[in-house]
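Topology and contacts: notes
Each chain, letter by letter, is given below.
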Amino acid sequence: MLINNINISQFGAKLVKKTLGTSEIIVNKELLKSISSSIILSVDEENAILQCIFLIEADTLQSLEELKSHFVKQLEVSILKFDDLDFYYPCTIQGLSNDYVGIDTTSDKHIGKIECILLSDYKYKTEISENINRLASKTINVSGNKDTPAIVEITPSISLVDLIITGLEDGPITIKNLTAGKKVIINGEDGTVLENGINKFGDTDLWEWPRLKAGSNSITVSKNSCDITIKYKPRYI
């Protein structure tokens, strides 16, 4: 098992039990008496609850306490990856209990137990890359069942006054003053626009950060003189 891409064995820990919940769905609706029917006002997805039990072992009580402290620190805000699942779970800790089990008579190691409750508002799979190289359009089919942020990497082969991309938000995304060979990255995950590492947000017009919806996405590009890579992680409730 990984926590923040660190194997938990580095903390002398092993997972002994996990219980994985799914997001609670709350549908808000209003009854229209005139037609004896309801309209959906909103659909809200609450955090899923994950419960995990870990055992941690160490040679001394001192080292056990240190390992538990480092381990719990990683759990505060974490990304969990279980060995038997393809999903990654972004989590925040909600509750924790910490007990000393005793000394293992066969190994003489000190054993501690950590039980924790974590909240996760979605899960995702490994990042996928789609290329739109020197093309005017492409359809991207996204698995999962939630919208997911997209990272758009644009490398023009010639300098351009502007480039317009549609299909990554409700309106178009316009990037101005592109220089041949200089990569522009519009990052829908962290909300940045960079050209060779330098802020280029001032040359970008957008209403929303790029994202892809679950299902079919039709992407169009105003000029076919760019190599474009769109990266995303399929999300699930």
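What comes next is a walk through the structure. (Residues numbered from 1 in each chain as written. Predicted model: local features only at pLDDT ≥ 70, side-chain atom pairs only at ≥ 80, totals over all residues. Heavy atoms only, no water.)

1. Remarks on the overall build of the chain
- The number of helices and strands found in the chain is one helix and 23 strands.
- Counting only C-alpha atoms, the chain reaches 70 × 60 × 30 Å along its principal axes.
- The buried share of the chain, taken over its 237 residues, is 36%.
- Here the chain displays about 12900 Å² of accessible surface, and carbon together with sulfur accounts for 49% of that area.
- Seen as two clouds, the 25 positive and the 32 negative side-chain charges of the chain have centres 4 Å apart. (Helix = DSSP H or I, 4+ residues; strand = E, 2+ residues; numbered from the N terminus. Buried < 20%, exposed > 50% of the residue type's maximum accessible area, 1.4 Å probe, protein only. Areas by Shrake-Rupley, 256 points an atom, 1.4 Å probe, with all protein chains shown as cover. Lys, Arg positive; Asp, Glu negative; His and termini not counted. Charge placed at Lys NZ, Arg CZ, Asp CG, Glu CD.)

2. Notes on the packing of aromatic side chains
- Scanning the model with the defined rule gives eight aromatic pairs in all.
- Residues phenylalanine 82 and tyrosine 89 carry aromatic rings whose centres are separated by 5.7 Å and whose planes lie at 70° to one another, so their mutual orientation is edge-to-face.
- Here tyrosine 122 and tyrosine 124 contribute two aromatic rings whose centre-to-centre distance is 6.3 Å and whose plane-to-plane angle is 40°, an arrangement assigned as tilted. Side by side, tyrosine 122 and tyrosine 124 carry an identical accessibility label, which is buried.
- Ring pairs connect the aromatic residues Phe82, Phe87, Tyr89 and Tyr236, which therefore count as one cluster.
- Positioned above the aromatic ring of phenylalanine 82, the side-chain terminus of lysine 18 is 5.5 Å from the ring centre.
- Directly above the aromatic system of tyrosine 124 lies the positively charged group of lysine 233, at a separation of 5.8 Å from the ring centroid. (Phe/Tyr/Trp six-rings, centres within 6.5 Å; stacked < 30°, edge-to-face > 60°. Lys NZ or Arg CZ within 6 Å of the ring centre and 35° of its normal.)

3. A closer look at the pattern of salt bridges
- For the structure shown, the criterion picks out 18 salt bridges.
- Among the salt bridges present, the one from glutamate 130 reaches lysine 138, with a minimum N-O distance of 3.1 Å.
- Under the relative-accessibility criterion, lysine 138 is labelled partly exposed at 25%.
- Note that lysine 200 is salt-bridged to glutamate 195, the shortest N-O span being 3.8 Å.
- The class of lysine 200 is buried, set by a relative accessible area of 6%.
- Among the charged side chains, a salt-bridge network with shared partners connects Asp147, Asp170, Glu208 and Arg211. (Salt bridge = Lys/Arg side-chain N within 4 Å of Asp/Glu carboxyl O.)

4. Examining the environment of isoleucine 117
- Assignment of secondary structure puts isoleucine 117 in strand β9 (residues 110–120).
- In this structure isoleucine 117 comes out as partly exposed when scored by relative accessible area, which is 33%.
- Residues isoleucine 117 and serine 218, spaced 101 residues apart in sequence, show a C-alpha to C-alpha distance of 40 Å.
- Leaving out residues up to four positions away in the same chain, isoleucine 117 has contacts with Ile49, Leu50, Gln51, Thr92, Ile93, Gln94 and Gly95. (Contact = heavy atoms within 4.5 Å.)

5. A few points about the pairing of strand β14 (residues 160–166)
- As defined by bridge partners, β14 adjoins strand β15 (residues 173–178) across five bridges and the pair is classed as antiparallel. Note on β15: the bridge partner recorded for leucine 160 is leucine 178.
- Here β14 folds back onto β15, and the loop between the two strands holds six residues, one of which, glycine 167, carries a positive phi near 105°.
- Pairing of β14 with strand β21 (residues 215–221), which is carried by two bridges, proceeds in the antiparallel orientation. Bridged to threonine 166 within β21 is threonine 220. (Pairing = 2+ DSSP bridges.)

6. Focus on the nonpolar core
- Within the largest apolar cluster, 24 residues are counted, with the highest numbers of intra-cluster contacts made by Ile154, Leu163, Ile165, Ile186, Leu212, Ile228 and Ile230.
- Counting residues per element, the ones that place at least two in this core are β12 (137–142), β13 (148–156), β14, β15, β16 (184–187), β21 and β22 (226–232).
- Examining the composition of this core, we find that four residues originate from one element, β22, more than from any other.
- Not counting chain neighbours up to four residues away, the residues in contact with isoleucine 228 comprise Glu130, Asn131, Ile132, Asn133, Val152, Glu153, Ile154, Leu163, Ile165 and Val221.
- Within the second largest apolar cluster, 23 residues are counted, among which are Ala48, Cys52, Leu75 and Phe82. (Core = buried A, V, L, I, M, F, W, Y, C linked by side-chain atoms within 4.5 Å.)

7. Focus: a nonpolar patch on the surface
- A cluster of nonpolar residues, Leu61, Tyr100 and Ile103, forms a patch on the protein surface that exposes about 290 Å² of accessible area.
- When you line up the elements, leucine 61 lands in helix α1 (residues 61–76). (Patch = residues over 30% accessible without salt bridge, like charges linked within 9 Å, V, L, I, M, F, W, Y side chains within 5 Å.)

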